[in-house]
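For reference, the chains in residue letters:
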Amino acid sequence: IIDNLGPIMTVAMIWSFLLAGAVYALTALWGKKHRASGNFIYDFFMGVCLNPRIGTLDLKMVTELRVPWPVLFFISLSCAFKQYEEIGYVTPESAFMVLAHWLYSNACNKGEECVMTSWDIFYELESWYLLFWNLAGVPFSYCYSSIYLLKNGPMNFSLGWNVMCYVLLVTGYYFWDTGNSQRNRFRMFWNNTLIKRSAFPQLPKSFIPNAKYLQTSHGNKLLIDGWYAYARKPHYTADLVMSLSWGLITGFGSFFPYFYLTFFTIVLVHRVGRDDARCARKYGADWDEYMRVVPWKFVPYVF
């Protein structure tokens, strides 16, 4: 895979254009455009179809979960195999990236039922930008640390440094996985769609029975229990901790492995601002009360 990364990435980019064009054309042909502006360029970029399907197969679920994250994992695995081929062993740093991307990929698939309540699935339109990012952006840009370690390794960091990175990764993963699970399973519980699965690993605190919440006049319930009793976006914080560990495991020789952290920080901070504005309009005084109960965005008593 790593020896053919350029051609594979090119094909992924071509497929994103082909799928985006097919989804747009068929939606227009069937007269089922959703939230269309009337501007072709804008509508092609932002999308006009909510959940395109092939029979019972949800195309957006496939392109959001089943393709990008496994591809990312296999790129990192390929980097590890290539390193073994070149130097006769896999370094702790390369093994770290295989673990990191397996954890992320596995979490997306073992908790797939939780993704149904996410903003991307129930509101975002299947568009060129969503397809391009999922098929080409995620797998072929989030792998920078793995590629850097292959091209510049072995790094020969101290045992203490590597242990610190592993602990940071696993800790961030635990709070990210359980945080997303708490939030989505809370929604599913009240929508009577909660599905009990035993896919590995099922972590403690993934679901909070009888969770505390703030009832809004709009009808929705805002979770104020579990990790969400301490911050409004704890799963974002945990995600950023993991992305930081992906950079730290490479050292400080280049900005290249820190692209993901930089990009992700900008995206998440901007998304939180948009979420706050949207929820303030939607919930009014109830949102003010929610912010009083849970005043911190990312880190309690800090930010």
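In this text the structure is predicted, and so the values were computed from the model without any measurement. (Residues numbered from 1 in each chain as written. Predicted model: local features only at pLDDT ≥ 70, side-chain atom pairs only at ≥ 80, totals over all residues. Heavy atoms only, no water.)

With respect to the pattern of salt bridges
- For the structure shown, the criterion picks out 11 salt bridges.
- Linking Asp3 and Lys82 is a salt bridge whose minimum nitrogen-to-oxygen distance equals 3.3 Å. Taken as a pair, Asp3 in the segment before α1 (5-29) and Lys82 in helix α4 (residues 68-87) lie far apart in primary sequence, 79 residues in all. (Salt bridge = Lys/Arg side-chain N within 4 Å of Asp/Glu carboxyl O. Helix = DSSP H or I, 4+ residues; strand = E, 2+ residues; numbered from the N terminus.)

Quick word on helix α9 (residues 144-152)
- Within α9 the residues assigned to the buried category are Ser145, Ser146, Ile147, Tyr148, Leu149 and Leu150.
- On its buried face, α9 sits against α1, α4, α5 (92-110) and α11 (234-248). (Buried < 20%, exposed > 50% of the residue type's maximum accessible area, 1.4 Å probe, protein only. Contact = heavy atoms within 4.5 Å.)

Digging into the packing of α4 against α9
- Direction vectors running N to C along α4 and α9 enclose 5°, while the axes themselves pass 9 Å from each other. Overall, the two elements α4 and α9 adopt an arrangement that is roughly parallel. Mapping the contact onto sequence places Ser76, Cys79, Lys82, Gln83 and Glu86 in α4 and Ser146, Ile147, Leu149 and Leu150 in α9. (Axes fitted to C-alpha atoms, helices over the stretch in contact; angles between N-to-C directions. Parallel < 35°, antiparallel > 145°, perpendicular 65-115°, else oblique.)

Looking at helix α8 (residues 128-141)
- For α8, the principal kink sits at Asn134 and spans about 40°.
- Within α8, 11 of the 14 residues are buried, which leaves the element mostly enclosed by the surrounding structure.
- Residues of α8 that are buried: Trp128, Leu130, Leu131, Asn134, Leu135, Ala136, Gly137, Val138, Pro139, Phe140 and Ser141.
- Those residues of α8 that are buried lie in contact with α1, α2 (40-46), α3 (59-66), α4, α9 and α12 (259-283). (Bend = angle between axes of the 7 residues up to and from the residue.)

Points about the packing of helix α10 (residues 159-190) against α11
- Put simply, α10 and α11 touch, their axes get as near as 8 Å, and they point 155° apart. For the element pair α10 / α11, the angle class is roughly antiparallel. As α10 packs across α11, the resulting crossing turns out to be left-handed. Residues Trp161, Met164, Cys165, Leu168, Leu169, Gly172, Tyr173, Phe175, Trp176, Gly179, Asn180 and Arg183 of α10 form the contact with α11, whose participating residues are His235, Ala238, Asp239, Val241, Met242, Leu244, Ser245, Trp246 and Leu248. (Left-handed = near helix turned anticlockwise from the far one by under 90°.)

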